[in-house]
Amino acid sequence: MSAPQATRSNALHAGAWWLWALGLAAAASRTTNPLLLGLLVAVAGYVVAARRTDAPWARSYGAFVRLGLLVIAIRLVFAFVLGSPVPGTHTLLTLPEVPLPDWAKGVRIGGRVTAEGMLFALYDGLKLATLLICVGAANALANPARLLKSLPGALYEAGVAVVVAMTFAPNLVADVQRLRAARRLRGRPDRGFKALLQVGLPVLEGALERSVALAASMDARGYGRTAQVPPAVRHTTSALTLGGLLGVCAGTYGLLSDAGGGYGLPLLLAGLAAALGGLWLGGRRSVRTRYRPERWGLRACLVAASGIAVAALMIWANAYAPAALHPSAVPLTAPDLPLWPAASVLLGLLPAFVAPVPGVTGNAGGLQRRAEGPRGEGVGPVAGARPSSRPSSRPFKKEPTQ
Amino acid sequence: MIRFEQVSVTYGDAAAPAVQGIDLTVPEGELCLLVGPSGVGKSTVLNAVCGLVPHFTGGTLRGRVTVDGRDTRTHKPRELADVVGTVGQDPLSHFVTDTVEDELAYGMESLGLAPDVMRRRVEETLDLLGLADLRDRAIATLSGGQMQRVAIGSVLTTHPKVLVLDEPTSALDPAAAEEVLAVLQRLVHDLGTTVLLAEHRLERVVQYADQVILLPSPGTAPLMGDPADIMAVSPVHPPVVALGRLAGWSPLPLSVRDARRKAGPLRERLAGVTPGAATRPEPGADADGAGAGGGGRARGGSGMAPGQVASGPPVVVSGLGVRRGRVDALHGVDLTVRPGETLALMGRNGAGKSTLLTTLVGMHEPSSGTVRVGGTAPHRTSPRTLLKHVGLVPQEPRDLLYSDTVAAECTAADHDADAPAGTCRALVTRLLPDVPDSVHPRDLSEGQRLALALAVVLTARPPLLLLDEPTRGLDYAAKARLIDVLRSLAAEGHAIILATHDVELAAELSDRVVILADGEIVADGPTGEVVVSSPSFAPQVSKVLAPLPWLTVPQVARALEATP
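Keep in mind it's a predicted model, so treat the numbers as computed, not measured.

Draft legend 1. Focus on the interface of chain A and chain B. Across the contact, 81 residues belong to chain A and 106 residues belong to chain B. Between chain A and chain B lies a buried interface of about 9,000 Å² when both sides are counted; carbon and sulfur atoms form 51% of it. Inspection of the chain A/chain B interface yields 13 salt bridges. Residue Asp416(B) is joined to Arg186(A) by a salt bridge in which the shortest nitrogen-to-oxygen separation is 3.4 Å. Of the residues forming the side of chain A that touches chain B, the biggest block, 13 residues, is contributed by helix H8 (residues 200-220) of chain A.

Below you can see the structure in the form of structure tokens.
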């Protein structure tokens with residue numbers, strides 16, 4: 001079963017990509033072995049390279065990789081300057097220690113830097129970076145807006161807020177680029193921090209204006225229309241949601257405290273059920289329907305299962321080979337690659353073979369085009385600007401509006 | 001279908017109402033055009049139809065607006081969403097989702113239509129607007145014309161009875177605009193949709209209108225009637241109407257076709273006169289008084305303006321290629337512009353006009369060929385030096401303005417250009433006689449803002465002036481002022497390059513027209529020769545009087561005066 005060309009009908013459910021990525025992330029959180037972590041990053045990177053589209057959101061992967069590197073760097077700098085709780089014998093160098101007053105006991109600035117401490121920090125940072133890269137992979141592979149579309153109806157409005165915020169950010173970046181370019185026209189330098197600072201106010205003004213215009217447009221297009229719901233249903237919804245949340249709180253307390261071991265779990269479950277019921281009932285107020293929701297098919301199952309399998313096998317590996325998954329920093333040892341856990345990580349490559357192959361949509365250079373001017377007067381493919389086909393003679397019938 | 005009963009709208013702290021005394025009815029299935037100079041409240045009237053005025057904008061609405069029997073006082077915009085579809089001026093701020101197909105479906109999702117109905121309507125709309133190839137594209141990657149069509153499509157899918165459009169064709173090239181208008185025409189004729197639209201470019205739309213509503217000046221009651229009757233009195237009118245008024249045709253022709261039928265005698269009368277001899281070669285001379293004294297400027301002459309250091313051509317481009325991302329935006333472009341020459345750069349959306357202009361100010365590095373602006377390579381020149389060689393007024397003039405008053409803007413411009421204090425203010429006074437120092441640039445009208453940006457750019461006295469789509473959003477009066485200003489600048493020896501879709505502007509102003517397609521120059525020659533031979537780039541007067549080589553109404557007017 002070779003993977004088909006991706007179209008909207010066979011598009012993989014965004015949730016499947018997220019489950020896969022979270023599976024890899026869960027596996028990463030269970031080990032500090034740099035070789036296994038590197039393997040996880042490689043697996044995620046390969047799948048992204050093989051299956052991402054050239055849509056704007058797919059470019060976030062690079063940003064997440066850079067963020068991961070930054071996290072490692074910060075972790076190392078902290079370990080270098082502030083020292084490390086890990087005892088060590090291999091002193092790399094000794095920094096002058098800053099004397100601190102009594103009340104700051106336990107905090108140290110400067111002092112001995114040990115190889116063990118640095119290595120421990122590196123492993124730790126690498127783990128965090130891998131988690132970030134897995135999240136970045138999910139972002140690049142699944143359109144975040146699609147995932148939010150799968151939210152229950154009652155949470156729809158929160159989802160829209162997030163989507164609008166997400167489209168807002170690239171617009172803001174495009175505005176900054178455009179205004180910096182415009183500074184050049186005034187004979188001012190267009191690079192550097194000062195240039196960025198000076199365009200700040202116009203960019204914010206523009207952003208504010210655009211959001212007001214967007215709100216007007218959404219309002220005029222029917223955003224926030226609600227159905228008439230009988231008062232009884234409304235009251236039941238409130239009661240279920242509130243009661244459910246109370247139940248969740250009480251149940252959690254019961255689980256965590258010593259006294260309530262018996263009633264904690266049932267109360268938590270009952271609360272959860274009530275809250276979900278409230279959400280479901282609340283969804284009846286919304287009249288919205290969904291256009292072409294993604295279906296959860298066989299390929300989505302395989303993708304999600306591969307991620308879950310990686311996580312499960314890594315958790316199991318913690319039981320049979322804990323030493324290999326957590327190479328010790330004290331004493332210093334070279335990490336080795338445990339065979340079976342490594343093989344299980346490779347399962348995460350499955351999506352690169354079963355997920356539909358994205359087609360070329362000719363989106364290249366989209367962001368630059370946008371950056372050029374607010375009207376997007378740019379280098380678009382001409383076929384789109386002037387379609388060769390006349391509007392077809394297909395009848396454009398009016399259906400009764402429901 | 002739409003009924004205004006004694007409507008007046010007053011915004012928050014304004015002293016006078018923005019519009020008042022509106023009492024009219026737009027019947028079902030009409031294409032109704034709202035015209036008037038800038039700032040008379042056209043947008044207010046449009047937004048009152050979809051309920052955004054007053055529910056969203058605030059202000060007080062007196063009287064009553066009903067749409068399909070629904071009173072906008074009691075119905076919020078969202079409750080009118082199934083009868084009124086609204087597309088604002090900037091399609092970019094209209095989009096809620098991020099791909100074309102989702103955007104088309106968004107309105108229907110909000111109304112809660114059944115999935116199979118949504119699917120069918122999306123497919124129909126994709127075909128109707130020619131968007132099928134773009135269905136999976138991210139909206140951020142579309143060109144301006146594509147975005148406008150997606151915006152119209154996104155409100156069409158809900159099958160509204162009324163469609164309200166604010167300047168739908170301003171940003172489009174002539175061909176794309178015709179396509180959008182053909183769609184509107186079809187909606188009106190086949191589906192009985194009522195369309196209410198405001199547009200500055202009347203030459204594109206007036207012949208399609210069934211009714212015209214004229215708002216003559218701020219605060220006066222509108223006139224509504226047959227397009228020909230209204231055009232006879234309207235302060236804003238397209239060239240074909242101006243020609244008709246000049247020749248005294250009655251009823252006034254609104255389309256080139258009507259005008260041609262009546263133009264027989266006029267053509268005979270003009271047959272003996274060549275426009276070239278009287279007026280055409282010296283556009284500087286047909287400005288009202290601007291260059292009349294010295295008969296315009298000498299052709300190709302340099303050093304016309306005092307203090308101008310125009311040695312050699314201000315721009316020499318040879319074999320230029322520019323690559324943006326994976327797209328070859330320009331290739332093999334050769335272009336030389338002489339001092340004092342005005343060149344119009346035309347071509348469809350996305351043909352590379354803006355890229356060529358921005359390359360001339362050094363925003364893109366050429367991937368092949370060379371660009372010399374005043375003898376330097378722009379992308380390697382510091383902005384401060386480049387300012388002395390070339391100035392660009394971008395599509396959105398506001399991008400150039402940072403300060404919070406006109407005076408502060410002028411001081412900053414003097415400082416940027418190392419010009420003596422007061423240089424910019426003197427230019428502003430010349431271009432905009434009645435603008436006080438303390439106004440915020442944001443509060444200026446579209447035309448005033450353009451003039452301010454132009455003054456800021458001119459402060460450094462660049463021998464080469466570039467304008468990107470300068471007439472977008474300008475009414476005819478503002479456009480005429482711009483034309484005067486640019487003509488006198490050309491007479492002073494500035495070379496001017498305009499990237500524009502406005503064929504009338506190109507005909508009035510330019511000596512030479514260059515047409516770009518797919519990043520290549522496909523035509524380059526004197527305006528008369530290039531535009532007359534092209535169906536989409538020919539101005540209306542030239543279409544009416546073809547095969548005679550007349551381009552503009554002032555030319556004809558002068559010729560008629562000379563030969564009574």
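Draft legend 2. Geometry of the environment of Phe168(A). All names here are of chain A. Topologically, phenylalanine 168 is positioned in helix H6 (residues 156-185). In this structure the C-alpha to C-alpha distance between phenylalanine 168 and arginine 210, which are 42 residues apart in sequence, comes to 9.2 Å. Apart from the residues within four sequence positions on either side, phenylalanine 168 is in contact with Ala207 and Ser211.

Draft legend 3. Here's a closer look at the domain arrangement of chain A. Residue and element names in this part refer to chain A. By domain assignment, chain A separates into domain 1 (14-145 + 294-333 + 347-354), domain 2 (151-226) and domain 3 (228-285). Relative to domain 3, the C-alpha centre of domain 2 lies at a distance of 38 Å. Facing the four residues of domain 2 at the interface are five residues of domain 3. Of the roughly 370 Å² buried where domain 2 meets domain 3, counting both sides, 67% is carbon and sulfur surface. Taken as a group, Ala154, Leu155 and Thr226 account for 82% of the area that domain 2 buries against domain 3, more than any other trio of residues on that side. Put simply, domain 2 and domain 3 have zero salt bridges between them. Remark: the boundary between domain 2 and domain 3 carries zero residue pairs in polar contact (both at pLDDT 80 or more).

Draft legend 4. Spotlight on the sheet that holds strand E3 (residues 31-35) of chain B. All names here are of chain B. What the six strands build is an open sheet, ordered E6-E7-E8-E3-E9-E10; its pairing is mixed. Single-partner strands in this sheet number two, and they are strand E6 (84-87) and strand E10 (223-225). In this sheet, neighbouring strand axes are inclined to one another by 15° on average, regardless of whether the strands run parallel or antiparallel. Note that E3 and strand E9 (residues 211-214) share four bridges and pair parallel. Bridging from a neighbouring strand, valine 35 pairs with leucine 214 of E9. Each of E3, E6, strand E7 (162-166) and strand E8 (194-198) touches helix H1 (residues 42-49); the most contacted strand, E7, lies at about 155° to it.

Draft legend 5. Up close: the confidence of the model for chain B. Residue and element names in this part refer to chain B. Averaged over every residue, the pLDDT of chain B is 85; residues scoring 70 or more account for 93%. Confidence drops under a pLDDT of 50 for residues 277-310, and excluding neighbours within four residues, the segment shows 60 contacts in the predicted structure. ipTM for the predicted complex: 0.80, alongside a pTM of 0.76.

Draft legend 6. Expanded view of the pattern of salt bridges. Applying the stated criterion to the full structure yields 37 salt bridges over all chains. Of the charged contacts in the structure, one is a salt bridge between Asp502(B) and Lys479(B), with a shortest N-O distance of 2.8 Å. One end of the pair, Asp502(B), is in the loop between strand E17 (495-499) and helix H19 (503-509); the other, Lys479(B), is in helix H18 (residues 476-491), and 23 residues separate them in sequence. Here the residues in one salt-bridge network are Arg292(A), Glu101(B), Arg119(B), Glu123(B) and Arg135(B), joined through shared partners.

Draft legend 7. The nonpolar core, seen in detail. All names here are of chain B. Membership of the largest hydrophobic core comes to 75 residues, with the highest contact counts inside it found for Leu33, Met231, Leu270 and Leu545. It is helix H6 (residues 174-191) that provides the largest number of residues to this core, a total of eight residues. Domain assignment of the residues forming this core places at least three in each of domain 1 (2-236) and domain 2 (308-547). Other than its neighbours up to four places away in sequence, leucine 545 contacts Arg260, Ala263, Leu266, Arg267, Leu270, Trp550 and Val556. By size, the runner-up hydrophobic cluster in this structure holds 71 residues, among which are Val428, Leu452, Ala453 and Ala478.

Draft legend 8. Structural context of the packing of aromatic side chains. Residue and element names in this part refer to chain A. Per the counting criterion, the structure on display carries two aromatic pairs over all chains. A centroid spacing of 5.7 Å and a plane angle of 80° characterise the contact between tryptophan 17 and tryptophan 20, whose relative ring orientation is edge-to-face. Taken together, the residues span about one helical turn, with tryptophan 17 and tryptophan 20 both in helix H1 (residues 14-29) at a distance of three residues. Comparing tryptophan 17 with tryptophan 20 shows no difference in burial state: the two are buried.

Draft legend 9. Spatial organisation of the pairing of E9(B). Residue and element names in this part refer to chain B. By the alternation rule, side chains of E9 split into Gln211 and Ile213 and Val212 and Leu214, which are all buried. Pairing geometry for E9 and E10, over three bridges, is antiparallel. From the neighbouring strand, valine 212 faces E10, where its bridge partner is glycine 225.

Cut-offs and rules
Residues numbered from 1 in each chain as written. Chains lettered and ligands numbered in written order. Predicted model: local features only at pLDDT ≥ 70, side-chain atom pairs only at ≥ 80, totals over all residues. Heavy atoms only, no water. Contact = heavy atoms within 4.5 Å. Buried area = accessible area lost by both parts, 1.4 Å probe. Salt bridge = Lys/Arg side-chain N within 4 Å of Asp/Glu carboxyl O. Helix = DSSP H or I, 4+ residues; strand = E, 2+ residues; numbered from the N terminus. Domains from an automatic or database assignment. Polar contact = N/O pair within 3.5 Å; in protein donor to acceptor, adjacent residues only side chain to side chain. Pairing = 2+ DSSP bridges. Axes fitted to C-alpha atoms, helices over the stretch in contact; angles between N-to-C directions. pLDDT = per-residue confidence, 0-100. Core = buried A, V, L, I, M, F, W, Y, C linked by side-chain atoms within 4.5 Å. Buried < 20%, exposed > 50% of the residue type's maximum accessible area, 1.4 Å probe, protein only. Phe/Tyr/Trp six-rings, centres within 6.5 Å; stacked < 30°, edge-to-face > 60°.

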